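Next come the chains, spelled out residue by residue.
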Amino acid sequence: MQSDSNTGNQQHTDQPIVLSAEELKYRQIEEQLVSPEECATLLEFASKNLIVGDGYGGDANPHSETETFSGFTITGASGPGADPAHLLCLEVIQRARKAVMRHFGLPFLWLDYAHLVKREPIPGSEVSADELSHPWHYDDQSEGVKHRTHTAILYLNDQFEGGLTQFQEADFGPFRQVQPQTGKMIAFAVAHNAHAVSKLISGERYVLNMWFSTHMRIWRRHRRVLGLF
């Protein structure tokens, strides 16, 4: 785990991060939303289906020139021929959605988009000290995603160096770094959380990214993936 840092240096601790009462309005940490066995199944599913540049028009380096980005857009699945791993992925998304609803006290919340993602460093790339894997941003800052109200990130593995999720805001300090751990989910209110990913030094970083919305017009997108949930 990483604790608060005013300098950006990583300070390791064996204790889980405890969010302040003020932070709990805007952030959530579920230490083990998904079991290691379930994560292993999702990792295998990802390895079979990931596409380089998925979600970014085939661009293999949408956020960093020193990393390769691969993704798989989650779609609906049903019927006797459905892949059990795909069905597990949908069940995990539903589990995450309900957890976010409980934490933030939301009467309803619809899935806008879910994306299995892998980042890996390009061998031999030169990395500057201040480079980020994913630059600072808000998840509703682009015109096409202004309806997004909540984000959830599920870490599927932790066998990599770097790749920390960072939050930045005036109220809570310069930034807080979260150490990924297999099965951990973090979630946050989009409008209150600028965030980034620190540079991935080595290994492969797998996550399931989920973007949700409280806007009713997202219901049709939600239903196409999660059915009547």
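Notes on the structure follow.

## What to know about the layout of surface pockets
Of the volumes computed, that of the largest pocket is approximately 530 Å³. For the lining of the largest pocket, the per-class residue count stands at 11 nonpolar, 11 polar and four charged.

## Some points on the packing of helix α3 (residues 84–104) against helix α4 (residues 219–226)
As a packed pair, α3 and α4 sit with axes 10 Å apart at the nearest point and diverge in direction by 140°. Judged by the angle between their axes, α3 and α4 are oblique. Contact with α3, carried on its side by Leu90, Ile93, Gln94 and Arg97, involves His222, Val225 and Leu226 of α4 and no other residues of that element.

## Regarding the packing of helix α2 (residues 36–49) against α3
Look at α2 against α3: their axes get within 9 Å of each other, and the N-to-C directions meet at 125°. On the basis of the axis angle, α2 is oblique to α3. Classified by chirality, the crossing of α3 by α2 is left-handed. For the pair formed by α2 and α3, the contact residues are Glu38, Thr41, Leu42 and Phe45 on the first element and Ala85, His86, Leu88, Cys89, Val92 and Arg95 on the second. For the contact of α2 with α3, the class distribution of residues is six nonpolar, two polar and two charged.

## A few points about the side chain of asparagine 209
Residue placement: asparagine 209 occurs in strand β14 (residues 205–213). What makes asparagine 209 buried here is its relative accessible area of 12%. Excluding residues within four positions of it along the chain, asparagine 209 makes contact with Tyr113, Ala114, His115, Val117, Ala152 and Ile153.

## What to know about the pattern of salt bridges
Under the defined criterion, the tally for this structure stands at 14 salt bridges. Ionic pairing is found between arginine 95 and glutamate 91, a salt bridge with its closest N-O pair at 2.4 Å. Residue arginine 95 and its partner glutamate 91 are located together in helix α3, separated by four residues, close to a single helical turn. Overall, glutamate 91 belongs to the partly exposed group, its relative accessible area being 36%. Ionic pairing is found between lysine 118 and glutamate 204, a salt bridge with its closest N-O pair at 3.9 Å. On the criterion of sequence distance, the pair formed by lysine 118 in strand β5 (residues 110–121) and glutamate 204 in the loop between β13 (200–203) and β14 is long-range, its members being 86 residues apart. Here glutamate 204 falls in the partly exposed class, since its relative accessible area comes to 31%.

Reading the values: the criteria
- Residues numbered from 1 in each chain as written.
- Predicted model: local features only at pLDDT ≥ 70, side-chain atom pairs only at ≥ 80, totals over all residues.
- Heavy atoms only, no water.
- 1 Å grid on protein atoms, 1.4 Å probe; cavity = no way out; pocket = protein on both sides within 12 Å on 5 of 7 lines; lining within 4 Å.
- Points joined across faces, edges and corners; volume = space filled by probe spheres on them.
- Nonpolar A, V, L, I, M, F, W, Y, C, P; charged D, E, K, R; others polar.
- Axes fitted to C-alpha atoms, helices over the stretch in contact; angles between N-to-C directions.
- Helix = DSSP H or I, 4+ residues; strand = E, 2+ residues; numbered from the N terminus.
- Parallel < 35°, antiparallel > 145°, perpendicular 65-115°, else oblique.
- Contact = heavy atoms within 4.5 Å.
- Left-handed = near helix turned anticlockwise from the far one by under 90°.
- Buried < 20%, exposed > 50% of the residue type's maximum accessible area, 1.4 Å probe, protein only.
- Salt bridge = Lys/Arg side-chain N within 4 Å of Asp/Glu carboxyl O.

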